[in-house]
Amino acid sequence: MTRYLISFDDGAMTFPEEDLPAVAEASHKVVREAQGAGVWVFGGGLERQQASVVLTDGTVTKGPYPETKAVLGGFSIIDVPSYEEALEWAAKIAAACRCAQEVREIMPDSEV
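1. Some thoughts on the sheet that holds strand β1 (residues 2–9)
Then comes step 1: One open sheet accounts for 4 strands, arranged β2-β5-β1-β6; its pairing is antiparallel. The open sheet has two edge strands with one neighbour each: β2 (40–45) and β6 (102–105). Averaged over all pairs of adjacent strands, the angle between their axes in this sheet comes to 20 degrees, without regard to strand direction.
Then comes step 2: Inspection of the sheet shows β1 paired to β6 by 4 bridges, in the antiparallel sense. Considered in β6, the bridge of Ser7 is made with Glu102.

Right under this line is the structure:
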């Protein structure tokens, strides 16, 4: 099987605040479905633009980085047999979260 990253940009979830409980329940329902299907690996939302960057020399710079146009808002990692199945799960997540999702294949671990 192959692991896929399904993610969305921070700020992509635009709906009225009173819809948040329904969106949260719909999202949790998809997670429970993925767990039941045995394809869920991990996922979660990220704090808004609270990133730190550690350079190769160990220097740390702290965010936020307002000049960045797209910032990761949340992600799911699933383990499925095909790209097509990853797209199906992304469609379920997109409908639940009410925002578009990006799908990327995670490179397999190389043997060291």
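2. Quick look at the nonpolar core
Then comes step 1: In terms of nonpolar packing, the biggest core is built from 16 residues, with Tyr4, Ile6, Ile78, Val80, Ala86, Trp89 and Val103 touching the most fellow members.
Then comes step 2: Sorting the residues of this core by element identifies β1, α1 (20–36), β5 (72–80) and α2 (83–97) as the ones contributing at least two each.
Then comes step 3: Take this core: its biggest share by element is 6 residues, from α2.

3. Brief notes about α1
Then comes step 1: With 17 residues, α1 extends 24 Å from end C-alpha to end C-alpha; this agrees with the ideal 24 Å at 1.5 Å per step.
Then comes step 2: The inward-facing, buried residues of α1 contact β2 and α2.
Then comes step 3: Looking one or two residues beyond α1, the residue adopting positive phi is Gly38, at roughly 75 degrees.

4. Quick look at the packing of α1 against α2
Between two packed helices, the angle of one axis relative to the other and the distance separating the axes together describe the packing.
Then comes step 1: Where α1 contacts α2, the axes come no closer than 8 Å and their chain directions differ by 160 degrees. Overall, the two elements α1 and α2 adopt an arrangement that is roughly antiparallel. Where α1 crosses over α2, the handedness of that crossing is right-handed. Mapping the contact onto sequence places Val23, Ala26, Ser27, Val30, Glu33 and Ala34 in α1 and Trp89, Lys92, Ile93, Ala96 and Cys97 in α2.
Then comes step 2: Residues of the contact of α1 with α2, tallied by class, amount to 8 nonpolar, 1 polar and 2 charged.

5. Re the packing of aromatic side chains
Both the distance between ring centres and the angle between the ring planes are used here to describe each pair of aromatic rings.
Then comes step 1: If you walk through the whole model with that rule in mind, you get 2 aromatic pairs.
Then comes step 2: Each ring, one from Tyr4 and one from Tyr83, has its centre 6.1 Å from the other, and the planes form 50 degrees; the classification is tilted. With a gap of 79 residues between them, Tyr4 in strand β1 and Tyr83 in helix α2 connect regions that are remote in the sequence.
Then comes step 3: Under the relative-accessibility criterion, Tyr4 is labelled buried at 3%.

6. Things to note about the side chain of Gln101
Then comes step 1: By the secondary structure assignment, Gln101 is in the loop between α2 and β6.
Then comes step 2: On the basis of relative accessible area, Gln101 is assigned to the buried category, the value being 17%.
Then comes step 3: In terms of polar contacts, Gln101 uses its side chain to reach the backbone carbonyl oxygen of Cys99, at 3.3 Å.
Then comes step 4: With residues near it in sequence (within four places) discarded, Gln101 still touches Ile6, Ser7, Phe8, Ala90, Ile93 and Ala94.

Conventions used here
Residues numbered from 1 in each chain as written. Predicted model: local features only at pLDDT ≥ 70, side-chain atom pairs only at ≥ 80, totals over all residues. Heavy atoms only, no water. Pairing = 2+ DSSP bridges. Helix = DSSP H or I, 4+ residues; strand = E, 2+ residues; numbered from the N terminus. Axes fitted to C-alpha atoms, helices over the stretch in contact; angles between N-to-C directions. Core = buried A, V, L, I, M, F, W, Y, C linked by side-chain atoms within 4.5 Å. Buried < 20%, exposed > 50% of the residue type's maximum accessible area, 1.4 Å probe, protein only. Expected span 1.5 Å × (residues − 1). Contact = heavy atoms within 4.5 Å. Parallel < 35°, antiparallel > 145°, perpendicular 65-115°, else oblique. Left-handed = near helix turned anticlockwise from the far one by under 90°. Nonpolar A, V, L, I, M, F, W, Y, C, P; charged D, E, K, R; others polar. Phe/Tyr/Trp six-rings, centres within 6.5 Å; stacked < 30°, edge-to-face > 60°. Polar contact = N/O pair within 3.5 Å; in protein donor to acceptor, adjacent residues only side chain to side chain.

Limitation: the analysis is restricted to geometry and does not speak to function.
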